[in-house]
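What the coordinates show
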Amino acid sequence: MSGLDVALQGKAFAGRAVLGPIAFRLAPGERACLLGPSGIGKSTLLSLIAGLDDDYDGRIDPGAGRLAMVFQAPRLLPWRTLARNIALVPGAGGMDRARALLARAGLAEAADHYPEKVSLGMQRRAALCRALAVDPGLILLDEPLVSLDPRAADQMRALLRDSLDQTGAAALLTTHDRREALSLCDRILEIDGSPARLVRDRPSPLSRRDRLDPDRVEAALRAMF
Ligand SMILES: Nc1ncnc2c1ncn2[C@@H]1O[C@H](COP(=O)(O)OP(=O)(O)OP(=O)(O)O)[C@@H](O)[C@H]1O
Ligand SMILES: [Mg+2]
């Protein structure tokens with residue numbers, strides 16, 4: 001199965017170049033992080049990969065399999081319960097599957113609640129469940145842990161890890177936080193500059209097991225940056 005193949009030459013908004021040359025491939029099942037400072041163009045690149053914007057120079061092939069995107073704001077429909085937000089996705093498998101996905105995310109009790117009645121962390125996890133419902137080959141996540149308190153971030157991190165382990169989906173997530181990148185990913189792609197380009201593409205020194213240990217993450221952080 002082919003994975004994501006990005007060969008971007010440039011992306012501009014109203015004549016202002018935001019992204020420059022950025023090229024990388026992601027193998028099926030690989031977990032990579034797009035790391036860069038605020039405002040650099042991370043969300044823009046994700047939306048190009050997701051096919052939400054095709055106004056760019058270059059070529060992006062999302063690879064075989066379905067693609068799912070989890071936005072920074074959970075974007076759940078406020079007039080539907082968490083379970084119905086998921087069940088409504090074409091191919092999601094209906095309410096039983098929605099409840100099963102939510103239960104796995106620790107949200108069994110919240111399945112019939114409306115989004116505004118649950119915390120941001122719970123909404124984020126429900127949004128991840130909605131992405132998983134289509135059995136994607138590639139999941140794009142924009143700042144999955146941002147604005148979560150430490151406990152909610154741990155829950156989201158665990159759900160993401162377990163879901164990716166179980167489904168074998170590849171993931172590309174964005175963050176401005178090096179520690180977060182090391183706690184989640186096999187590989188770290190750093191973008192910087194104006195227009196932003198890929199400045200470093202490095203494998204994580206941590207195994208999937210080692211990155212669960214905050215001390216090892218701390219040591220890797222010091223060694224790498
Ligand atoms: N639709 C748009 N029209 C014009 N400019 C835009 C548009 N979307 C993004 N930009 C600009 O492109 C640049 C990159 O924005 P982007 O949101 O991709 O950055 P980011 O790395 O995701 O930032 P953050 O860490 O704050 O989420 C910014 O200067 C932003 O103002
Ligand atoms: Mg962004």
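Nothing here was measured: the structure is a model prediction, and the numbers come from that model. Sequence order as written defines residue numbering, which begins from 1 separately in each chain. Throughout, the order in which chains and ligands are written sets their labels, letters from A for the former and numbers from 1 for the latter. The predicted nature of this model means local features are confined to residues of pLDDT at least 70 and side-chain atom pairs, given and counted, to a pLDDT of 80 or more, with totals for whole chains, interfaces and linings taken over all residues. Only hydrogens and water are set aside; all other atoms, that is, all heavy atoms of the structure, feed into the side-chain values.

1. Quick word on the overall build of the chain
The criterion, for reference: Elements are defined by DSSP. Helices are runs of H or I of four residues or more, strands are runs of E of two residues or more, and each kind is numbered from the N terminus. Radius of gyration here uses only the C-alpha atoms, and the compact-globule reference equals 2.2 Å multiplied by the residue count raised to the power 0.38. Summary of the burial criterion: residues with accessible area below 20% of their type's maximum are buried, those above 50% are exposed, and those between are partly exposed, where the area comes from a 1.4 Å probe applied to protein chains only.
For the chain, the helix and strand inventory stands at seven helices and ten strands. In terms of overall dimensions, the chain is globule-like: its C-alpha atoms have a radius of gyration of 17 Å, near the 17 Å expected for 225 residues. For the chain, the spread of C-alpha atoms along the three principal axes comes to 45 × 40 × 35 Å. For the chain, buried positions account for 51% of its 225 residues.

2. Quick look at helix 3 (residues 94-104)
For the record, the criterion: Arc, as used here, means the arc of the directions from the helix axis to the C-beta atoms. Whether two residues are in contact is decided by their heavy atoms, any of which lying within 4.5 Å being enough.
Of the residues making up helix 3, those classed as buried are Ala98, Leu101 and Leu102. Buried positions in helix 3, seen along its axis, are confined to an arc of 100° and lie on one side of it. Packing partners of the buried residues in helix 3 comprise helix 2 (82-87) and helix 4 (120-132). Within two residues after helix 3, glycine 106 carries a phi angle of roughly 75°, on the positive side.

3. Focus on the site of ligand 1
The condition that has to hold: The near set for a molecule or strand comprises every residue that places at least one heavy atom within 4 Å of it. Residues adjacent in sequence count toward polar contacts only when both atoms are side-chain atoms; beyond that, a polar contact is any pair of N or O atoms within 3.5 Å, and within protein one must be able to donate a hydrogen and the other to accept it. Using a 1.4 Å probe, accessible areas were evaluated by the Shrake-Rupley method; residue-level cover was limited to the displayed protein chains.
Contacts to ligand 1 come from Phe13, Arg16, Val18, Pro37, Ser38, Gly39, Ile40, Gly41, Lys42, Ser43, Thr44 and Glu143. A distance of 2.8 Å separates an oxygen atom of ligand 1 from a polar atom in the side chain of lysine 42. When isolated, ligand 1 has an accessible area of 640 Å², and the protein chains bury 58% of it. Elements represented by at least two residues in the shell around ligand 1 include exactly strand 2 (16-19) and helix 1 (42-49).

4. Describing the sheet that holds strand 10 (residues 197-203)
Worth spelling out the cut-off: Two strands are said to pair when DSSP picks up at least two bridges between them. A fitted line through C-alpha atoms serves as each axis, taken over the contacting stretch for helices, and the angle formed by two N-to-C directions is quoted from 0 to 180°.
The strand order across the open sheet formed by six strands is 6-7-8-4-9-10, and the pairing between neighbours is mixed. For this open sheet the edge positions go to strand 6 (67-70) and strand 10, each flanked by a neighbour on one side alone. Going from strand to strand, the sheet's axes swing by 15° on average, the running direction of each strand aside.

5. Digging into the side chain of serine 183
Structurally, serine 183 is set in helix 6 (residues 178-184). A residue is classified by how much of its surface remains accessible, and serine 183, at 9% relative accessible area, is buried. A distance of 3.0 Å separates a polar atom in the side chain of serine 183 from a polar atom in the side chain of arginine 157. Among all residues touching serine 183, those that are not within four sequence positions of it are Arg157, Arg211 and Val217.

6. Some remarks on the nonpolar core
Heads up, the rule is: Only buried residues count toward a nonpolar core. Its members are Ala, Val, Leu, Ile, Met, Phe, Trp, Tyr and Cys residues joined through side-chain atoms within 4.5 Å. Where each domain starts and ends comes from a domain assignment, either automatic or drawn from a database.
One finds Leu102, Leu128, Leu141 and Leu182 to be the most contacted residues of the largest nonpolar core, which totals 49 residues. Counting the residues that make up this core, at least three belong to each of domain 1 (4-66 + 138-224) and domain 2 (76-135). Residues contacting leucine 182, with those up to four places away along its chain left out, are Ile188, Ser204, Pro205, Leu206, Arg211, Val217, Ala220, Leu221, Met224 and Phe225. Residues Ile40, Leu138, Leu140 and Ala170 belong to the second largest nonpolar core, which totals 25 residues.

7. Focus on unusual backbone geometry
Across the chain, the bulk of peptide bonds are trans and the bulk of non-glycine residues have phi less than zero. With an omega of 0°, the peptide bond between serine 194 and proline 195 qualifies as cis. The residue proline 195 is located in the loop between strand 9 (187-192) and strand 10 in this model. The backbone of alanine 14 shows a phi angle near 50°, a positive value even though the residue is not glycine. Locating alanine 14 in the fold gives a position in the loop between strand 1 (4-13) and strand 2. One non-glycine residue, aspartate 135, lies in the positive phi region at around 50°.

8. Section: the environment of isoleucine 191
The topology assignment puts isoleucine 191 in strand 9. According to the relative accessible area criterion, isoleucine 191 is buried, its value standing at 1%. On a C-alpha basis, the gap between isoleucine 191 and lysine 42 in space is 8.1 Å, while along the polypeptide they are 149 residues apart. Beyond its immediate stretch of four places on either side in the chain, isoleucine 191 contacts Ile22, Leu34, Leu35, Gly36, Pro37, Ile40, Gly41, Lys42, Ala196, Arg197, Leu198 and Val199.

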